[in-house]
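These are the residues of each chain, in order.
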Amino acid sequence: MHLTPLHIQGGRPLGGEIAVQPSKNAALPIIVASLLSSEPVTLHGVPRLSDVYTILELAQHVGAYHTWSGPNTLTIHTPEILNTDAPYALVSKMRASFIMMGALLGRAGEAVVSMPGGCAFGFRPVDQHVKAFRAIGIDVEEDNGNFSAKRRQLGGYFVFEMLTVGGTQNAILAAVLGDATVVLENASIDTDVVDLIQFLNSLGAQIEGAGTNTVTVHGVRALRGGEYRIIPDRIEAGTFMMAAAATRSRLRLTNVRPDHLRAVSSKLTEMGVGVTEEVSSLIVDATQGHLRAVNVTTQSFPGFPTDLQPQMSALLATIDGTSTVQDPVYTDRLTHVPELQRMGANIAVSGYIQLIQGGRLHAAPVKAADLRAGAALVVAALTTEGETVIDGVEYLNRGYEHLAERLRSIGAHAYQPEPALASAMD
Ligand SMILES: CC(=O)N[C@H]1[C@@H](OP(=O)(O)OP(=O)(O)OC[C@H]2O[C@@H](n3ccc(=O)[nH]c3=O)[C@H](O)[C@@H]2O)O[C@H](CO)[C@@H](O)[C@@H]1O
Ligand SMILES: C=C(OP(=O)(O)O)C(=O)O
């Protein structure tokens, strides 16, 4: 659905305090994991985002009921699995739906899930998911754009060929129920994998090694229901940290896990931004002195996240001097570059390396082609005199709750006209 663009009148400092939303990328697999229990599961801290609504549609398709009670509290109940397929119409909306495969295999022993396909920032294979399934006793066949899988005799081990968040989550989900032990080596230590394991263990799963590269899943007969609180969104927090730095502001972020943001905090500190950690909040202060250009390379957690690479590029485009940004995790994640160039950014691209000569940006009409590219345009727009009009708001809505309203709460001039008003202006 095409939405009216977001208008930002930048060039003014941000200030005050903002509460960070709960994590989208932790919530999605945890919602999927709730399907492994036949009892109700209540999740606190579920962000109201279009990606969450997409995964709930998929959950409903396979037999889950859900109710919201309060802004971010969701109860999911899946008495039985009614369908073991995840149709293309829903999987194609969001790659994360592919982990439905693990949950269906776990609960029903079989699944047919559509191939997730490409996305705006390039090829994102699922070979590791498939290899892991096969190695632990699941037959997987691929035909006509679908993966069909059936559990045989579960057990054994798999060594991932690279760190994959979704691949690790999918294999865990497939192995939680049963009587076998599955060992996953070179497993992801991402915060979203750790949160998934902690959630599953809170329902009675027996998974060891959360936060280490060896995850051992001892199958259990059933999971009970329960309640769980999802971690804060480190990518949203990082986006606000960069917005504060780009506008040379002082901002306090609440509902954060400072330990999840160390890669971001240390880069900002290297740039000359003050970052103060409190128990569950962070103060970012870019009001003192000049900021310095830096070099950034993305890595899996605890390294600098690829999901903050476009926002970091936008920030560096505002800092005098030469910076480089490399994203070997997603080498084609560059859709923000031509749009930032429209705003005057001096960025030269060579392979997956951006060479950024920082300076002043100016307002321009721009368009987001994916979620974090959209966030980068917001960071850039907050720095410019004049009004930047950002199209592609549907991408921003995948990952940021009530963005215009929350930006206004920290002093930004951001608004999104109602559709009727927009068409009257057309
Ligand atoms: C919904 C969600 O949580 N999405 C996040 C998740 O995506 P996602 O789980 O899809 O990302 P992965 O961690 O799997 O990808 C990491 C790297 O491994 C590669 N790879 C992955 C799987 C595979 O089978 N084969 C393969 O080659 C990918 O192309 C990429 O280069 O982690 C990414 C990396 O932190 C983030 O950018 C995404 O926002
Ligand atoms: C890329 C992202 O999500 P997905 O993996 O669902 O595309 C993201 O959250 O930045």
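With an unreviewed UniProt entry as reference, the chain is termed UDP-N-acetylglucosamine 1-carboxyvinyltransferase, source organism Deinococcus lacus. In its Subcellular location (unreviewed entry) section, UniProt records this for the chain: "Cytoplasm". Quoted verbatim from the Sequence similarities (unreviewed entry) field of the UniProt record, the comment on the chain reads "Belongs to the EPSP synthase family. MurA subfamily."

*Asks:* Mind showing me how you'd approach the overall build of the chain here?
*Replies:* Of the regular secondary structure elements, the chain holds 15 helices and 24 strands. Here the chain has a C-alpha radius of gyration of 22 Å; the compact-globule value for 426 residues is 22 Å, and the two agree. If you line up the chain on its principal axes, its C-alpha atoms span 60 × 45 × 45 Å. Across the 426 residues that make up the chain, the buried fraction comes to 50%.

*Asks:* Looking at this structure, I do not really get the site of ligand 1. What am I missing?
*Replies:* Taken together, 20 residues lie around ligand 1, and Asn 25, Ala 96, Gln 128, Thr 164 and Gly 166 are the ones closest in. Counting residues per element, the ones that place at least two in the shell around ligand 1 are helix 1 (24-33), helix 5 (127-135) and helix 6 (165-175). When the residues that make up the shell around ligand 1 are grouped by side-chain class, the tally is 8 nonpolar, 7 polar and 5 charged. When we break the shell around ligand 1 down by domain, the ones giving at least three residues each are domain 1 (6-21 + 232-425) and domain 2 (24-229).

*Asks:* Help me understand the sheet that holds strand 6 (residues 85-86), please; the structure alone is not making it clear to me.
*Replies:* Within a sheet, adjacent strands bond to each other through the backbone by hydrogen bonds, running parallel or antiparallel. Reading across the sheet, the 4 strands line up as 6-7-9-8 and stay open at both edges, with mixed pairing between neighbours. With one partner strand each, in any of the chains shown, strand 6 and strand 8 (138-143) form the two edges of the open sheet. As defined by bridge partners, strand 8 adjoins strand 9 (residues 146-151) across 6 bridges and the pair is classed as antiparallel. Bridge pairing links Asp 143 to Asn 146 in strand 9. Across the sheet, helix 5 is in contact with strand 8 and strand 9; its angle to strand 8 comes to roughly 140°.

*Asks:* Quick question: what am I supposed to make of the domain arrangement of the chain here?
*Replies:* Interfaces are often described in size by the accessible area the parts lose on coming together. Here the domain parsing of the chain yields domain 1 (6-21 + 232-425) and domain 2 (24-229). Once you take the C-alpha centre of each, domain 1 and domain 2 turn out to be 30 Å apart. Contacts between the two partners involve 17 residues from domain 1, matched on the other side by 15 residues from domain 2. No other element matches the 3 residues that helix 13 (residues 393-399) contributes to the side of domain 1 that touches domain 2. When its residues are assigned to classes, the side of domain 1 that touches domain 2 shows 3 nonpolar, 7 polar and 7 charged.

*Asks:* I'm lost on the sheet that holds strand 17 (residues 281-285) in this one. Help?
*Replies:* Read across the sheet, 4 strands follow the order 2-15-17-16 without closing on themselves; strand pairing throughout is mixed. In this open sheet, the two edge strands, each paired with only one partner strand, are strand 2 (15-19) and strand 16 (274-277). When strand polarity is set aside, the average angle formed by the axes of neighbouring strands in this sheet is 15°. Sheet topology note: the strand 2/strand 15 (residues 250-254) ladder contains 5 bridges and is parallel. Residue pairing across strands places Glu 17 opposite Arg 252, the latter belonging to strand 15. Each of strand 2, strand 15 and strand 17 is contacted by helix 8 (residues 234-246), which is oriented at about 170° to strand 15, the strand it contacts most.

*Asks:* Even after reading the chapter, I still don't get the site of ligand 2, so can you show me in this structure?
*Replies:* In the vicinity of ligand 2, the contacting residues are Asn 25, Met 94, Arg 95, Ala 96, Cys 119, Asp 307, Leu 371, Arg 372 and Gly 399. Residue composition of the shell around ligand 2, grouped by class: 4 nonpolar, 2 polar and 3 charged. Here the shell around ligand 2 gathers at least three residues from each of two domains, domain 1 (6-21 + 232-425) and domain 2 (24-229).

*Asks:* Looking at this model, I keep getting lost on the packing of helix 4 (residues 100-108) against helix 6. Mind explaining?
*Replies:* Direction vectors running N to C along helix 4 and helix 6 enclose 10°, while the axes themselves pass 7 Å from each other. Relative to helix 6, helix 4 is oriented roughly parallel. In this structure, helix 4 contributes Met 101, Gly 102, Ala 103, Leu 105 and Gly 106 to the contact, and helix 6 contributes Gln 169, Asn 170, Ala 171, Ile 172, Leu 173 and Ala 174. The class makeup of the residues in the contact of helix 4 with helix 6 is 7 nonpolar, 4 polar and no charged.

*Asks:* Help me out: how do you make sense of the environment of Pro 125 in this one?
*Replies:* Inspection of the secondary structure assignment puts Pro 125 in the loop between strand 7 (110-114) and helix 5. For Pro 125, a count of 11 C-beta atoms within 10 Å gives the class exposed. Note: C-alpha distance between Pro 125 and Ala 33 (92 residues apart in sequence) is 22 Å.

*Asks:* What's the story with the UniProt feature "modified residue: 2-(S-cysteinyl)pyruvic acid O-phosphothioketal" (unreviewed entry) in the chain in this structure? I'm lost.
*Replies:* Under the UniProt annotation, "modified residue: 2-(S-cysteinyl)pyruvic acid O-phosphothioketal" (unreviewed entry) lies at Cys 119. For Cys 119, the location among the structural elements is in the loop between strand 7 and helix 5.

*Asks:* Explain the confidence of the model for the chain to me, please; I cannot follow it from the model alone.
*Replies:* When pLDDT is low, close inspection of the predicted coordinates is not appropriate. Averaged over the chain, the pLDDT score is 95; the fraction of residues at 70 or greater is 98%. Counted against residues more than four places away or in other chains, residues 421-426, with its pLDDT under 50, gives 2 contacts.

*Asks:* What is the right way to look at the pairing of strand 7 in this model?
*Replies:* Here strand 6 runs beside strand 7; their pairing, made up of 2 bridges, is parallel. Within strand 7, the residue paired with Ala 86 across the bridge is Val 113. Direction of pairing for strand 7 relative to strand 9: antiparallel, over a ladder of 5 bridges. For Glu 110, the partnering residue across the bridge sits in strand 9 and is Lys 150.

Cut-offs used in this document
Residues numbered from 1 in each chain as written. Chains lettered and ligands numbered in written order. Predicted model: local features only at pLDDT ≥ 70, side-chain atom pairs only at ≥ 80, totals over all residues. UniProt positions renumbered as here; feature names shortened; annotations may be inferred. Helix = DSSP H or I, 4+ residues; strand = E, 2+ residues; numbered from the N terminus. Rg over C-alpha atoms; globule rule 2.2 N^0.38 Å. Buried ≥ 20, exposed ≤ 12 C-beta atoms within 10 Å, placed from the backbone. Near = placed C-beta within 6 Å. Nonpolar A, V, L, I, M, F, W, Y, C, P; charged D, E, K, R; others polar. Domains from an automatic or database assignment. Pairing = 2+ DSSP bridges. Contact = placed C-beta atoms within 7 Å. Axes fitted to C-alpha atoms, helices over the stretch in contact; angles between N-to-C directions. Parallel < 35°, antiparallel > 145°, perpendicular 65-115°, else oblique. pLDDT = per-residue confidence, 0-100.

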